[in-house]
Amino acid sequence: MKIFCIGRNYVDHAKELGNEVPDNPVIFMKPPTALIKGNKSFYYPEFTNDLHYEGELVVKISKNGKSIQSKFAKNYYNEVSLGFDLTARDIQAKQKEKGLPWEIAKGFDGSAPIGEFIDLANAKNDAEEIEFQITKNDEIVQQGNTALMIYSIDIIIEYLSKFFTLQKGDLIFTGTPKGVGSLQIGDYLSGSIGGKELINLKIK
């Protein structure tokens, strides 16, 4: 099982971090040990002083495929969820300054909490217009809609499958809208689609 993540996939988020809008999907990966399931808590790691949340729609691949054309991509997924791309922003900044890879800032243990998956038909019939909401301590901090993504789910699948064989169970974190921010011990995150809570996460 592979965990793919798409960076800078909403214009407003790219701008809030001072990043250029990419010409192609920005791809990075997380190891399976990054996953947290079942609404288990996340323990603030000692190696960072600037932990950030990034709420994202997550797509689960339903069958194996390679070199998939975007027009056929919908045949390769039927479930979605919400997840958090937890980021050690201070470490990421240091790595970027040196021109080094920043997996240690994105792929550490527990950095990919993921919620309950729902059938795409229960989210909305059109995968190109799924609305989701992220709250922090019961206040709305992010509101996303897949219609606002720079690269759609189908285009992401086409691009990924040029380089990687997609396998059943692989996950794609599709990018975060604006509103990312820092976390402290005691904070509480949740995410919902259509009013249905799919994930909640306590920071301890």
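Coordinates for the structure precede this section.
Because the structure is predicted, anything quoted here is derived from the model rather than measured.

1. A short note on the sheet that holds strand β11 (residues 139–145)
- The strand order across the open sheet formed by 4 strands is β11-β10-β14-β15, and the pairing between neighbours is antiparallel. In the strand order of this sheet, the two ends are held by β11 and β15 (196–202), each with one partner. This sheet shows a mean twist of 15 degrees between the axes of neighbouring strands, independent of strand direction.
- Sheet topology note: the strand β14 (residues 188–193)/β15 ladder contains 6 bridges and is antiparallel. Across the sheet, G191 pairs through a bridge with I199, a residue of β15.

2. So, the environment of E54
- Structurally, E54 can be placed in the loop between β4 (51–53) and β5 (55–61).
- By relative accessible area, E54 is classed as buried at 4%.
- Distance in space between the C-alpha atoms of E54 and F163 is 25 Å, their sequence separation being 109 residues.

3. Thoughts on the nonpolar core
- L57, L86, I157, I172 and I193 are the most contacted members of the largest nonpolar core, which has 44 residues in total.
- Of all elements in the fold, only β1 (3–7), β4, β5, β6 (77–84), β10 (131–136), α5 (153–163), β14 and β15 reach the threshold of two or more residues within this core.
- If we ignore the near neighbours within four places in the chain, the residues touching I157 are I61, I68, A73, Y77, L166 and I172.
- Listed in part, the 11 residues of the second largest apolar core include F28, L35, L171 and F173.

4. Section: the pattern of salt bridges
- One pass over the full model with this rule turns up 9 salt bridges.
- A salt bridge links D154 to K74, with the nearest nitrogen and oxygen atoms 2.4 Å apart. Within this pair, whereas D154 is found in helix α5, its partner K74 is found in the loop between β5 and β6, the two being separated by 80 residues in sequence.
- Among the residues examined, D154 registers a relative accessible area of 7% and is labelled buried.
- Residues D85 and K106 are paired through a salt bridge, measuring 2.7 Å at the closest nitrogen-oxygen approach. With a gap of 21 residues between them, D85 in the loop between β6 and β7 (87–88) and K106 in helix α3 (residues 103–106) connect regions that are remote in the sequence. Here D85 matches K106 in class, with each residue buried.
- Bridged by salt links that share partners, the residues K30, E54, D85, R89 and K106 form one connected network.

Calculation rules
- The numbers attached to residues start from 1 for each chain and follow its sequence in the written order.
- Given that the model is predicted, a residue must reach a pLDDT of at least 70 before its local features are reported, and side-chain atom pairs must reach 80 or more before they are shown or counted; all residues, however, enter totals for whole chains, interfaces and linings.
- Only hydrogens and water are removed before side-chain values are computed, so all heavy atoms of the structure are retained for them.
- Two strands pair under a simple rule: DSSP has to find at least two bridges between them.
- Helical segments are the DSSP runs of H or I of at least four residues, strand segments are the runs of E of at least two, and each set is numbered from the N terminus.
- Comment: axis = line fitted to C-alpha atoms, over the contacting stretch for helices; angle = value between 0 and 180 degrees taken between N-to-C directions.
- Classification of residues uses two cut-offs on accessible area relative to the type maximum, computed with a 1.4 Å probe and protein chains only: under 20% is buried, over 50% is exposed, and between them is partly exposed.
- The definition of a nonpolar core used throughout is a set of buried Ala, Val, Leu, Ile, Met, Phe, Trp, Tyr and Cys residues joined through side-chain atoms within 4.5 Å.
- What makes two residues a contact is simply this: any of their non-hydrogen atoms within 4.5 Å.
- Whenever a carboxyl oxygen of Asp or Glu lies within 4 Å of a side-chain nitrogen of Lys or Arg, that contact is scored as a salt bridge.

From the geometry alone we can't say anything about function, so treat these as descriptive.
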